[in-house]
Amino acid sequence: MILKNVKLNNKIVDILIEDGKILKIGKSTVEGVDCKGLTAVPAFCDMHTHLREPGQTAKEDIESGSSAAVAGGYSDVCCMPNTTPVVDCDYMVEYIKLKAEKVAKCNVHPVGAITVGSNGELMAEYNKMKDKGAIAFSDDGKPVANPNVMKQALEYAKDIDVLMLCHCEDMSLTNGGVANEGAIATALGLKGIVTASEELDIAKQIILAEMLDTRVHICHISTKGSVQLIREAKARGVKVSCETCPHYISGTEDLIDGYNTFAKVNPPLRTEEDRLAIIEGIKDGTIDVIATDHAPHTFKDKHCIFNDAANGISGLETAFSLCYTYLVKTGEITLEKLVELMSLKPRDLLRLPTNEIKEGNIANITLVDLDNKYKIDSTTFKSKGKNTPFNGFEVYGKVAKTIVNGIIKYEDGVIK
Ligand code: DOR
Ligand code: ZN
Ligand code: ZN
């Protein structure tokens, strides 16, 4: 396959792809797929996706979730284990791998649970799960509250060089809250969640990782204080990495006004001050990765009173456009930096091979139409989850084509 007239690092080139790899970048006289006006970037890798299979397939399944992924420009997603049942043993990991081989539109990497049933008590068997293809471990949806359990988990993870992805939350401080604590939650009569709920648990992870001199990754950071804690830890050499999500870059607690359950997410959308601190953290390298925390839910899960609504935003299909619009278009960062956050760094942390667009590398490529301004329309989502607070937002940077392992899997609205 030849991609013709592609914009790559400000040059117009043709990209020859063979056997899943980039064979040649240059000029060719042979006919091919016309990509005039499109910019090629390394396809994105999502470290944090909820595909909901097994057991919650009314929300999403591997086929629909991976379709959403390629529609969003992703060639790789890591799926969280908070399914029914929880992915906490080798045969569950194997099940996801086998199912993905059959139906997935992109590469699917299962994340195994840190503790059995994600109950926070007994450590799961990481080595066995790793052997079947688990890429990392997480009890996402919940914190591992017991510091001694977390300490043992980190020791085990260090031995086999896998990354622990930590959902940091102190449940005693969350205390049944449903929105960021502050004026808006108060005005709406909603119970608030203090920022310390997130920050206290991050501090715990940092202290444990520092003591054990091992890696740890913090999921979905949302507060100014979290950025500061991680910035300081990195400065003294702690091997901590972290992600934030598109919604903490492009949205604030204002979105919950009118009891908009589509903006209910955990951790909650915060203040403008937090949002700006997150952007600072991205700019100075404190934040390593932008992951989606794609959390699809059914109509029923969200069409209820705010207190009862499920947490989460369907994020795979809006991630690039939101980040491009709110970070690159605004002049905060370059497109190259965004590619680092969405493609290169996650692969590096997960020990996956790089997909920089260079001869010899794997052909996981996304073609984006950067100047295409469009309105987000959740009715066009490939995901079963239409739950986004960004519906109707005008954004730039439309994903036009996604190439996974050398094959076009998404093109102009159509899954291949
Ligand atoms: O908003 C969220 N949704 N946060 C989580 O931690 C879990 C996730 C889910 O699984 O829906
Ligand atoms: Zn989480
Ligand atoms: Zn999550």
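Structure first, text after, so check above.
Residues numbered from 1 in each chain as written. Chains lettered and ligands numbered in written order. Predicted model: local features only at pLDDT ≥ 70, side-chain atom pairs only at ≥ 80, totals over all residues. Heavy atoms only, no water.

Undergrad: Looking at this structure, how should I read helix H8 (residues 224-235)?
TA: Within an α-helix, residues lying three or four positions from one another point in the same direction, as the helix has 3.6 residues per turn. Taking 1.5 Å of rise per residue, the 12 residues of H8 would be expected to cover 16 Å, and the 17 Å separating its terminal C-alpha atoms lies within 8% of that figure. Three or more residues of H8 are buried, namely Ser226, Val227, Ile230 and Ala233. Buried residues of H8 fall within an arc of 135° about the axis and therefore sit on the same side. Between the side-chain oxygen at the start of H8 and the backbone nitrogen of Gly225 there is a gap of 3.4 Å, and the oxygen is on Thr223. Looking one or two residues beyond H8, the residue adopting positive phi is Gly237, at roughly 95°. (Helix = DSSP H or I, 4+ residues; strand = E, 2+ residues; numbered from the N terminus. Expected span 1.5 Å × (residues − 1). Buried < 20%, exposed > 50% of the residue type's maximum accessible area, 1.4 Å probe, protein only. Arc of directions from axis to C-beta. Polar contact = N/O pair within 3.5 Å; in protein donor to acceptor, adjacent residues only side chain to side chain.)

Undergrad: Just to check I follow, could you spell out the coordination of the zinc ion (ligand 2) for this structure?
TA: Any two of four tetrahedral donors ideally make an angle of 109.5 degrees at the metal, while pairs among six octahedral donors ideally make 90 or 180 degrees. Taken together, Asp140 (OD), His167 (ND1) and His220 (NE2) make up the protein donors of the zinc ion (ligand 2), found 2.0 to 2.2 Å from the metal. One can describe the donor arrangement at the zinc ion (ligand 2) as irregular, given that its 4 donor atoms subtend angles of 84 to 126° at the metal. The distance between the zinc ion (ligand 2) and the zinc ion (ligand 3) is 3.6 Å, with Asp140 acting as a donor to both metals. Here the residue Asp140 occupies a position in the loop between strand S9 (136-137) and helix H4 (147-159), and His220 occupies one in the loop between strand S13 (216-218) and H8, the gap between them amounting to 80 residues. Note on accessibility: Asp140 and His220 belong to one class, buried. (Donors = N, O, S within 2.8 Å, 3.2 Å for Na, K, Ca; no water. Tetrahedral: all angles 85-135°; square planar, octahedral: opposite > 155°, others 65-115°.)

Undergrad: So what exactly am I meant to see when it comes to the site of ligand 1 here?
TA: Around ligand 1, the structure places 13 residues, and the nearest of them are Arg52, Asn82, His167, Asn266 and Asn311. A distance of 2.9 Å separates an oxygen atom of ligand 1 from a polar side-chain atom of Asn82. Take Gly312: an N or O atom from its main chain is 3.4 Å from an oxygen atom of ligand 1. Taking 290 Å² as the accessible area of ligand 1 by itself, protein coverage stands at 92%. Here ligand 1 occupies the second largest pocket. The class makeup of the residues in the shell around ligand 1 is 2 nonpolar, 8 polar and 3 charged. (Near = heavy atom within 4 Å. Areas by Shrake-Rupley, 256 points an atom, 1.4 Å probe, with all protein chains shown as cover. 1 Å grid on protein atoms, 1.4 Å probe; cavity = no way out; pocket = protein on both sides within 12 Å on 5 of 7 lines; lining within 4 Å. Sits in = over half its atoms within 2 Å of the grid points. Nonpolar A, V, L, I, M, F, W, Y, C, P; charged D, E, K, R; others polar.)

As far as function goes, none of this settles anything; it's purely spatial.
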